[in-house]
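What follows is each chain in one-letter form.
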Amino acid sequence: MIGFERTADKFFWYLFFLSFTMLYFTYYGMMTVGLTPNYNIAAIVSSAFYGIWNLFAGFVIPRPRMAVWWRWYYWACPVSWTVYGLVTSQFGDVHERLDSGETVVEFLEDFFGFRHDFLGVVAVMVVGFAALFAFQFAVAIKALNFQRR
């Protein structure tokens, strides 16, 4: 309904980003449970970060329009990498003209700052966030003990 092209590579890019996004969200939840004394505090901490991630993901305020001193958090936000990957993998190579006269590629680069040739780095970062959260969960389960005796 939003104009996805029916090609195998775009389908598998979409599947990749969707799967690894769900994976890092799951690992993030597991990590917060492992790092906090109980699940109530984990829910509060993860909810706070989900709100911050949504704010800095780049679809409310695109990266070029963010204040310069907040752009570092855009690059540290896992959701921004997912949005970058999903939008770029689906629309980053479309050269059709919009009503404004510019192509879709030019619009993505001017408005969002997205480049299709950066897609490999974006994929590595999304996998890296999943691995980072899984590793932090494993370390937290092994090293931290919140039981009282």
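Residues numbered from 1 in each chain as written. Predicted model: local features only at pLDDT ≥ 70, side-chain atom pairs only at ≥ 80, totals over all residues. Heavy atoms only, no water.

Stated precisely, the cut-off is as follows: UniProt positions are given in the numbering used here, feature names are shortened, and annotations may be inferred rather than shown by experiment.
As annotated in an unreviewed UniProt entry, the protein chain carries the name Plant PDR ABC transporter associated and is attributed to Musa troglodytarum. Looking at the Subcellular location (unreviewed entry) heading of the UniProt record, one finds this comment for the protein chain: "Membrane".

Quick word on helix H2 (residues 39–55)
Stated formally: Helix and strand assignments come from DSSP, with helices taken as H or I runs of at least 4 residues and strands as E runs of at least 2, each series counted from the N terminus. A helix is expected to reach a length of 1.5 Å times the quantity of its residues less one. Each residue is assigned to one of three classes by its accessible area relative to the maximum for its type, calculated with a 1.4 Å probe on protein chains only: buried under 20%, partly exposed between the two thresholds, exposed over 50%. Picture the helix axis, draw a direction to every C-beta atom, and the arc is the one those directions span. Between N or O atoms, a polar contact is any pair within 3.5 Å; within protein, one atom must be a potential hydrogen donor and the other a potential acceptor, and residues adjacent in sequence are included only when both atoms are from side chains.
Here H2 is 17 residues long and its end C-alpha atoms lie 24 Å apart, about the 24 Å a rise of 1.5 Å per residue gives. Of all the residues in H2, the buried ones are Ala42, Ser46 and Trp53. Buried residues of H2, viewed axially, fall in a sector of 20 degrees; they line one side. The distance from a side-chain oxygen at the start of H2 to the backbone nitrogen of asparagine 40 is 3.1 Å, and the residue carrying that oxygen is asparagine 38.

Section: the packing of helix H1 (residues 8–35) against helix H6 (residues 119–143)
Spelled out, the test is: Interaxial angles span 0 to 180 degrees and are taken between N-to-C directions of axes, which are lines fitted to C-alpha atoms, for helices over the stretch in contact. Note that the term roughly parallel is reserved for angles under 35 degrees, roughly antiparallel for angles over 145, roughly perpendicular for angles of 65 to 115, and oblique for everything else. Put simply, a crossing is left-handed when the front helix is turned counterclockwise from the back one by less than a right angle, and right-handed when it is turned clockwise.
Close contact between H1 and H6 brings their axes to 8 Å; oriented N to C, the two are set at 25 degrees. Compared by their axis directions, H1 and H6 come out roughly parallel. For the crossing formed where H1 meets H6, the hand is left-handed.

Some points on the UniProt feature "transmembrane region" (unreviewed entry) in the protein chain
This chain's UniProt record puts "transmembrane region" (unreviewed entry) on residues 12–29, 41–61, 73–92 and 118–141. Helix and strand shares over residues 41–61 are 71% and 0% respectively, and the end C-alpha atoms of the span are 29 Å apart. Helix makes up 96% of residues 118–141 and strand 0%. Its end C-alpha atoms lie 35 Å apart.

Observations concerning the confidence of the model for the protein chain
Filter applied, for reference: Note on scores: pLDDT gives the predictor's confidence for each residue, bounded by 0 and 100.
Mean pLDDT over the protein chain: 92, with 97% of residues reaching 70 or higher. Helix H3 (residues 71–76) is the least confidently modelled element of the protein chain, averaging 92 in pLDDT, while H6 averages 96, the highest of any element.

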